[in-house]
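The residues making up each chain are set out below.
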Amino acid sequence: MYRKKMLAGLAIAATAGLLITSCANQASTGGSNSASSGNGVNIPAVTSVDVPKDAVLPKGDGKASCPSTTTLAFGGAETGGNAQLGINIYNGVQLAINQHNEANPGCQVQFKKFDTEGDPNKATGPVTQMVSDASIIGAVGLAFSGESKATGTIFDEKGLVHITPSATNPALTQNGWKTFFRGLGNDSVQGPAAANFLTGKLGAKKVYVVQDDSDYGIGLGTSTTAALSSDVLAGSDKVTTGQKDFSAVISKIINAKADAVFYAGYYAEGAPFDQQLVGKGYTGTFVGPDGVKDDQFIKGAGDASSNAYFTCPCIPGELIPSFQSEYKKLTNAEPGTYSIEGYDAATVLLAGIDAGKQNRADLLAWVKSYDKDGLSKHYKWDDKGELQAPTVYGYKVENGKIVPIGPIDK
């Protein structure tokens, strides 16, 4: 497996040089001089990540042959309050398929997308349509934990392998499904990393944890809270999907004198929550997870977003030049959260098709035994569909943009 150790110079105002050892895709720091966020901590941005030399790419050897009906699918939010997270994935998948088809005239893989709106109550219909389409032999998605929980059995009954680039609730791999694979670390990895990040690099003394009512938010909020010591945990509270007024929970945070808030949820609620929090006089740090880490958060929170950091079991695809340039050509935008994971997940499936695994059973067996580098990480799954040795990255808002600050889990 691709593993490297390197020294990352991630400095904080209260702590001198910190040695960080991590596995795949390590980051090197750049010369950014950012303004300090809420509690006075300043962690410089990084400017590059290491990419495996033998990473599998979508184009393969250009000699693939497959039936004209061979199809991959995407399932996830393309509309709805948190649609951008699904769109980021879809664009990554589209780029991988485009590159494959351009290089392989004898194997033109088709691509179909199914909009779930990210809603567990609406996802079963599109997924039923997907699995009922005999031409579809593999899928990337679903994007969110709640909709993945609601549809996993549907995929499993039809034997359709699917790789989620983003659903992180740990319980998803405890359902006995044989077709579900997770292309990033789960919240049992991200939660403790977030807790370490809050109390270590960010130097928080009192952390208030707020979670939404989604399966994702509940799982991540629980794992992060459990990883915080009782003397650091200033309190916890819950909000609901679609909530607009956060004054009650904000009063609790301010009364608790918390110097950091961890919000386990999505950007649709996270943005107005942070905006209102700062508007009420909060001067500490706001930390959100991968579900909040999107430019839509900055758009929604406005100037208040300058206090924000993020945790994500995803790597900064914008720092991989070959991927960044091609993605931007396709979308006229920088890669977003999960874009590179969507690209890699599609590449795993495309590599199977190129190897002659051109029905559902064969492609499922291919993924089960997969053991290769992608652009973002090494892909090898255990018998439950969990990725081995995932890395958690940190990000921050700097000059109105989200920039990476390197691995935070080691």
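These figures come from a predicted structure and were not determined experimentally.

A. View of the pairing of strand β16 (residues 401-407). The buried fraction of β16 amounts to six of the seven residues, a majority that puts the element mostly inside the structure. Bridging between strand β15 (residues 393-398) and β16 involves six bridges; their strand directions are antiparallel. Bridging across to β16, Gly 394 finds its partner in Gly 406.

B. Region of the structure containing the packing of aromatic side chains. A full pass over the atoms with the stated rule returns 19 aromatic pairs. Look at Tyr 90 and Phe 111: their rings are 5.3 Å apart centre to centre, the planes differ by 15°, and that puts the pair in the stacked class. Residue Tyr 90 is found in helix α1 (residues 83-103), and its partner Phe 111 is found in strand β4 (residues 110-115); the two are separated by 21 residues along the sequence. Ring centres of Phe 273 and Phe 286 lie 5.9 Å apart, and the angle between their planes is 70°; this geometry places the pair in the edge-to-face category. Taken together, the residues Phe 273 in helix α7 (residues 267-279) and Phe 286 in strand β11 (residues 285-288) connect sequence positions 13 residues apart. Of the two residues, Phe 273 and Phe 286, neither departs from the other in class, the shared state being buried.

C. Region of interest: the sheet that holds strand β9 (residues 233-238). With respect to topology, seven strands assemble into an open sheet ordered β9-β8-β10-β11-β12-β15-β16, the strand pairing being mixed. The open sheet has two edge strands, β9 and β16, and neither has a second partner. Direction aside, neighbouring strands of the sheet carry axes that sit 20° apart on average. Across the sheet, helix α4 (residues 187-199) is in contact with β8 (207-211), β10 (260-264), β11, β12 (308-312) and β16; its angle to β12 comes to roughly 150°. Packing against the sheet, α7 makes contact with β8, β10 and β11, and its axis sits at approximately 160° to β10.

D. Structural context of the state of the cysteines. Counted under the stated rule, the structure contains two disulfides. The side chain of Cys 66 participates in a disulfide bridge whose partner is Cys 107; the two sulfur atoms lie 2.1 Å from each other. Torsion about the S-S bond of the Cys 66 and Cys 107 cystine: about 100°, corresponding to right-handed handedness. Residue Cys 66 is found in the loop between β2 (46-49) and β3 (71-76), and its partner Cys 107 is found in the loop between α1 and β4; the two are separated by 41 residues along the sequence.

E. Spotlight on helix α10 (residues 339-354). Compared with the 22 Å implied by 1.5 Å per residue over 16 residues, the 22 Å span of α10 between its first and last C-alpha is a close match. Judged by how many residues are buried, α10 sits mostly within the fold: 15 of 16 residues are covered. Positive phi appears at Gly 356, one or two residues downstream of α10, with a value of about 90°.

F. Spotlight on the environment of Thr 151. Within the element layout of this structure, Thr 151 appears in helix α3 (residues 145-158). Here Thr 151 falls in the buried class, since its relative accessible area comes to 1%. Distance from Thr 151 to Asn 121, taken between C-alpha atoms, is 9.8 Å for residues 30 residues apart in sequence. Not counting residues within four places of it along the chain, the set of residues in contact with Thr 151 comprises Ala 123, Thr 124, Val 127 and Leu 142.

G. Looking closely at unusual backbone geometry. Residue Gly 141 is joined to Leu 142 through a cis peptide bond whose omega torsion reads -5°. Structurally, Leu 142 can be placed in the loop between β5 (136-141) and α3. Not every positive phi belongs to a glycine, and Glu 117 is a case in point at roughly 60°. For Glu 117, the location among the structural elements is in the loop between β4 and α2 (120-132). For Glu 117, a relative accessible area of 35% corresponds to the partly exposed category. One non-glycine residue with positive phi stands out, namely Lys 257, at about 55°.

H. Representation of the pattern of salt bridges in the model. Here the structure, examined in full by the defined rule, presents 11 salt bridges. With its nearest N and O atoms 3.5 Å apart, the salt bridge here joins Lys 377 to Glu 341. Of this pair, Lys 377 sits in the loop between β13 (371-373) and β14 (378-380) while Glu 341 sits in helix α10, and the two are 36 residues apart along the sequence. On the basis of relative accessible area, Glu 341 is assigned to the buried category, the value being 1%.

What counts as what
- Residues numbered from 1 in each chain as written.
- Predicted model: local features only at pLDDT ≥ 70, side-chain atom pairs only at ≥ 80, totals over all residues.
- Heavy atoms only, no water.
- Buried < 20%, exposed > 50% of the residue type's maximum accessible area, 1.4 Å probe, protein only.
- Helix = DSSP H or I, 4+ residues; strand = E, 2+ residues; numbered from the N terminus.
- Pairing = 2+ DSSP bridges.
- Phe/Tyr/Trp six-rings, centres within 6.5 Å; stacked < 30°, edge-to-face > 60°.
- Axes fitted to C-alpha atoms, helices over the stretch in contact; angles between N-to-C directions.
- Contact = heavy atoms within 4.5 Å.
- Disulfide = S-S within 2.5 Å.
- Expected span 1.5 Å × (residues − 1).
- Salt bridge = Lys/Arg side-chain N within 4 Å of Asp/Glu carboxyl O.

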